[in-house]
Structures are given as structure tokens and as C-alpha cells.
Amino acid sequence: MRFAVIVFPGTWSDYDCHYVLTSILGQEADLVWHRQTDLAGYDCVVLPGGFSYGDYLRPGAIARFSPVMEAVVKHAQAGRPVIGICNGFQILCEAGLLPGALLRNEHLQYRCQWVHLRVEVCHNPFTVACSPGQVLRMPISHGEGRYYADPETLDSLKREGRIVFRYCDPKGEVTRQANPNGSLENIAGIVNREGNVLGMMPHPERACEALLGGEDGLFIWRSLLRWAGSC
Amino acid sequence: MARFRAHVYITLKPTVNDPQGLTIQGALKQLGYEGVKSVRAGKYFVLELEALSSQEAEKSVEEMCRRLLANPVIEEFRFRIEGS
């Protein structure tokens with residue numbers, strides 16, 4: 001599988017994503033500067049975490065107008081997978097590829113910690129290698145990850161099975177204590193209506209080696225590989 | 001072309017929780033300002049721009065607010081324009 005890892009000024013998780021995709025999973029991946037306007041030939045686009053444009057104005061608000069974003073929209077409209085992690089999730093919401101927005105954490109703190117996620121649905125390219133209800137452990141690292149959507153949008157996300165991950169405790173219980181940022185209904189990740197665009201605040205690329213504290217992030221990348229293999 | 005100055009104010013929609021505003025409100029209360037019933041934090045921009053008329057400046061700033069300065073999912077905006 002061939003991955004495009006998009007690099008904006010201020011992106012910081014690009015090398016982590018590239019390392020996991022190439023060195024651990026043996027896939028092809030290129031770091032693609034945000035000025036590029038063509039993503040033909042790539043199977044999957046990764047919008048990594050970081051602080052594109054210094055988070056100025058709002059996280060993702062300026063990156064979403066970068067030249068590469070037109071190609072990202074085209075890639076998504078063609079039904080090919082796009083995964084936005086952390087700042088990438090924020091960019092996807094600002095670009096209107098995903099509904100809702102990510103607000104300042106409720107407690108106003110930047111949180112860098114391991115969390116547990118309950119996998120809610122598995123019929124998409126990002127969790128097909130998981131089982132429903134499975135608990136994954138991976139880190140978060142953000143100050144603005146409180147997912148918000150208006151009540152109608154939230155209803156449709158639920159009805160259409162588009163909430164992919166919820167923050168939970170180690171047993172898989174979705175509790176207030178397990179919610180690290182005040183996200184609406186503990187939402188940690190959602191997909192678009194077609195299911196090919198995922199946004200998630202936690203960092204699967206930072207949980208792919210036991211040496212670094214966990215390997216659960218591999219479930220996400222392996223799902224993409226399995227999905228591509230079955231298409 | 002005439003020069004104009006636009007003052008743009010962005011705030012979270014009333015339905016969106018504003019923990020920063022609540023924290024500031026708590027601090028004001030602690031200082032003894034019991035009368036403060038609500039604080040909403042926001043952003044303020046001052047734009048210097050050239051336009052043919054104040055109507056055109058207004059139209060242009062409104063569009064800037066919708067496209068970039070505010071996120072309509074969570075924020076509201078208002079602005080006023082001064083001729084210079």
C-alpha cells in the first residue's frame with residue numbers, strides 16, 4: 001500500500017507515521033509537503049498530528065486552505081481512505097470533510113497521557129481488524145480535543161454508526177472519569193458518512209512498538225492494509 | 001480606493017461551553033465581583049483594508065468571517081467598519 005503523509009509547517013508527527021508505515025509495516029510512504037497539489041498514485045492519505053501554522057486562529061483553520069487540501073478532498077471524494085490524527089482531525093473538521101469541531105479541553109490543560117479507547121464499529125477501513133467493543137490503549141497529546149457537534153449532527157453520527165472510538169476505562173466502560181478532555185459523549189474518533197475519512201485525537205503511530213509502551217496502534221494500520229487487500 | 005478599518009469580534013455560540021470564560025468568571029468572583037453573572041471569552045481582530053466603498057468593505061469582511069476568521073460550527077461573529 002502506498003501512503004502520503006502530509007507535512008504542513010508545524011506538523012510534528014510526520015516522521016513517526018512514516019517510520020511506522022515503512023520500518024514496522026514495510027509499506028511505501030512519502031512525506032508530502034503541503035504545497036503539492038497532486039496525490040494521484042497514493043492509496044491512503046495521512047494527516048499527522050502537530051501544530052500546523054502554530055495553531056494560529058484555530059487549530060487546522062489555516063492548514064485547511066493549504067494547496068494540498070484540494071487534492072485531499074478529491075482523494076476523499078474518490079472513496080479512498082484519509083486518516084487525520086490529532087491536528088489532522090482538527091484540519092478535517094475545519095475543511096468540512098468531517099462534521100463538528102474540536103474545542104479547548106474542558107479543564108484547559110494540555111494532556112499528554114495514555115488513554116483507553118472502545119472500538120464502537122468495525123465496518124470501515126480503519127477498524128476492520130478490530131472486534132466491536134475491543135479496548136485499545138494509545139496516547140493522546142493535545143490541548144484542543146474536546147469534540148463538539150450540534151444535537152442534530154450528534155444524532156446522525158449515532159444513528160449512522162459513525163462514532164468509531166470512545167474514551168473508556170481499561171474495562172471498556174465509557175465513564176466521565178475516562179474522558180480526558182470533556183468530549184461530547186466521550187467521542188475520540190468519527191468517520192464521514194461514506195466511512196472512508198477518519199478523524200481521531202489519539203495517536204496510533206505512537207503505539208506501535210512494545211518498547212514505546214504499547215502496540216495497539218497497529219490495529220488501525222493493519223485494518224487499512226486488510227481493507228485494501230479485500231478491495 | 002478608500003481605506004477602512006474593520007473591528008471583528010468572534011465569540012463561541014451561546015450553546016457552546018466556554019471553560020475559559022467560566023474560569024475567568026470564577027477569578028472575578030474571587031476578587032469580590034459578585035455581580036458578574038457570565039463571562040464569554042473571544043477574539044478581536046483589527047483589519048486595515050482598501051475598498052471602493054464602505055458597503056464593499058462590509059461585504060468583503062463578512063465573507064472573510066464566514067470563510068476563515070470564524071468557524072460557523074462553534075462561533076459567532078460581528079464587526080464594525082470605520083472609514084479612515
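Reading guide: rules and limits
Residues numbered from 1 in each chain as written. Chains lettered and ligands numbered in written order. Predicted model: local features only at pLDDT ≥ 70, side-chain atom pairs only at ≥ 80, totals over all residues. Heavy atoms only, no water. Helix = DSSP H or I, 4+ residues; strand = E, 2+ residues; numbered from the N terminus. Rg over C-alpha atoms; globule rule 2.2 N^0.38 Å. Areas by Shrake-Rupley, 256 points an atom, 1.4 Å probe, with all protein chains shown as cover. Lys, Arg positive; Asp, Glu negative; His and termini not counted. Charge placed at Lys NZ, Arg CZ, Asp CG, Glu CD. pLDDT = per-residue confidence, 0-100. Contact = heavy atoms within 4.5 Å. Buried area = accessible area lost by both parts, 1.4 Å probe. Salt bridge = Lys/Arg side-chain N within 4 Å of Asp/Glu carboxyl O. Polar contact = N/O pair within 3.5 Å; in protein donor to acceptor, adjacent residues only side chain to side chain. Nonpolar A, V, L, I, M, F, W, Y, C, P; charged D, E, K, R; others polar. Buried < 20%, exposed > 50% of the residue type's maximum accessible area, 1.4 Å probe, protein only. Pairing = 2+ DSSP bridges. Right-handed = clockwise from strand over helix to strand, strands pointing away. Axes fitted to C-alpha atoms, helices over the stretch in contact; angles between N-to-C directions. Expected span 1.5 Å × (residues − 1).

(A) Just the overall build of chain B, in detail. Broken down by element type, chain B carries 2 helices and 3 strands. Each helix and strand of chain B, ordered N terminal to C terminal, gives the series β-α-β-α-β. A compact globule built from 84 residues should have a C-alpha radius of gyration of about 12 Å, whereas chain B, at 16 Å, is more than 25% larger. On chain B, roughly 5500 Å² of surface is accessible, and the fraction owed to carbon and sulfur atoms is 53%. In chain B, 12 positive and 11 negative side-chain charges are present, and the distance between their average locations comes to 5 Å.

(B) Region of the structure containing the confidence of the model for chain B. Across chain B, the average pLDDT comes to 96, with 99% of residues at or above 70. Across the assembled chains, the prediction reports ipTM 0.89 with pTM 0.95.

(C) Up close: the interface of chain A and chain B. Taken residue by residue, the interface counts 14 residues in chain A and 17 residues in chain B. Where chain A abuts chain B, roughly 1300 Å² becomes buried across the two surfaces, and 61% of that area is made up of carbon and sulfur atoms. Considering only the surface of chain A that becomes buried against chain B, Leu57(A), Arg58(A) and Tyr148(A) emerge as the three largest contributors, covering 40% of it. For the interface between chain A and chain B, the tally reads 1 salt bridge. Two residues, Arg58(A) and Glu75(B), come together in a salt bridge whose shortest N-O distance is 3.5 Å. At the junction of chain A with chain B, the criterion picks out 5 residue pairs in polar contact (both at pLDDT 80 or more). Those elements that place two or more of their residues in the side of chain A that touches chain B are strand 5 (101–103) and strand 8 (146–148) of chain A. When its residues are assigned to classes, the side of chain A that touches chain B shows 7 nonpolar, 2 polar and 5 charged.

(D) Just the pairing of strand 4 (residues 82–85) of chain A, in detail. All names here are of chain A. In strand 4, alternate side chains face the same way, and those of Val 82 and Gly 84 on one face and Ile 83 and Ile 85 on the other are all buried. Bridge count for strand 3 (residues 44–47) against strand 4 is 3 bridges, and the pairing is parallel. Within strand 4, the position partnered with Leu 47 by the bridge is Gly 84. The parallel pair strand 3 and strand 4 is bridged by helix 2 (residues 68–77), and the resulting crossover is right-handed.

(E) Spotlight on the sheet that holds strand 2 (residues 42–51) of chain B. All names here are of chain B. The 3 strands lie next to each other as 2-1-3, forming an open sheet whose pairing is antiparallel. Looking at the sheet topology across the chains shown, the edges are occupied by strand 2 and strand 3 (75–83). On average, each strand axis in the sheet is inclined to that of its neighbour by 20°, with strand direction left out of account. Pairing geometry for strand 1 (residues 2–12) and strand 3, over 9 bridges, is antiparallel. Across the sheet, the residue bridging to Tyr 9 is Arg 78, located in strand 3.

(F) Molecular detail of helix 5 (residues 218–230) of chain A. All names here are of chain A. The terminal C-alpha atoms of helix 5, which comprises 13 residues, lie 18 Å apart, in line with the 18 Å expected from a rise of 1.5 Å per residue. Residues of helix 5 that are buried include every one of Leu 218, Ile 220, Trp 221, Ser 223 and Leu 224, and no others. Where helix 5 is buried, its residues contact strand 1 (2–7), helix 1 (14–24), strand 3, strand 4, strand 7 (135–142) and strand 9 (163–168).

(G) Fine view of the sheet that holds strand 1 of chain A. All names here are of chain A. Strand order in this open sheet of 9 strands is 2-1-3-4-11-10-9-6-7, and the pairing throughout is mixed. In the strand order of this sheet, the two ends are held by strand 2 (28–33) and strand 7, each with one partner. Between one strand and the next, the sheet's axes are offset by a mean angle of 25°, whatever the strand orientation. Examined bridge by bridge, strand 1 and strand 3 share 3 bridges and lie parallel to one another. Following the sheet pairing, Val 5 is matched in strand 3 by Val 46. The strands touched by helix 3 (residues 87–94) are strand 3, strand 4, strand 10 (187–191) and strand 11 (197–200); relative to strand 4, the strand with the most contacts, the crossing angle is about 115°.

(H) Up close: the environment of Ala2(B). All names here are of chain B. Along the chain, the position of Ala 2 falls in strand 1. On the basis of relative accessibility, which here comes to 31%, the residue Ala 2 falls in the partly exposed class. Here the alpha-carbon distance between Ala 2 and Leu 28, two residues 26 residues apart in the chain, equals 42 Å. Non-local contacts of Ala 2, meaning those with residues more than four positions away in its chain, are made with Leu 49, Glu 50 and Ala 51.

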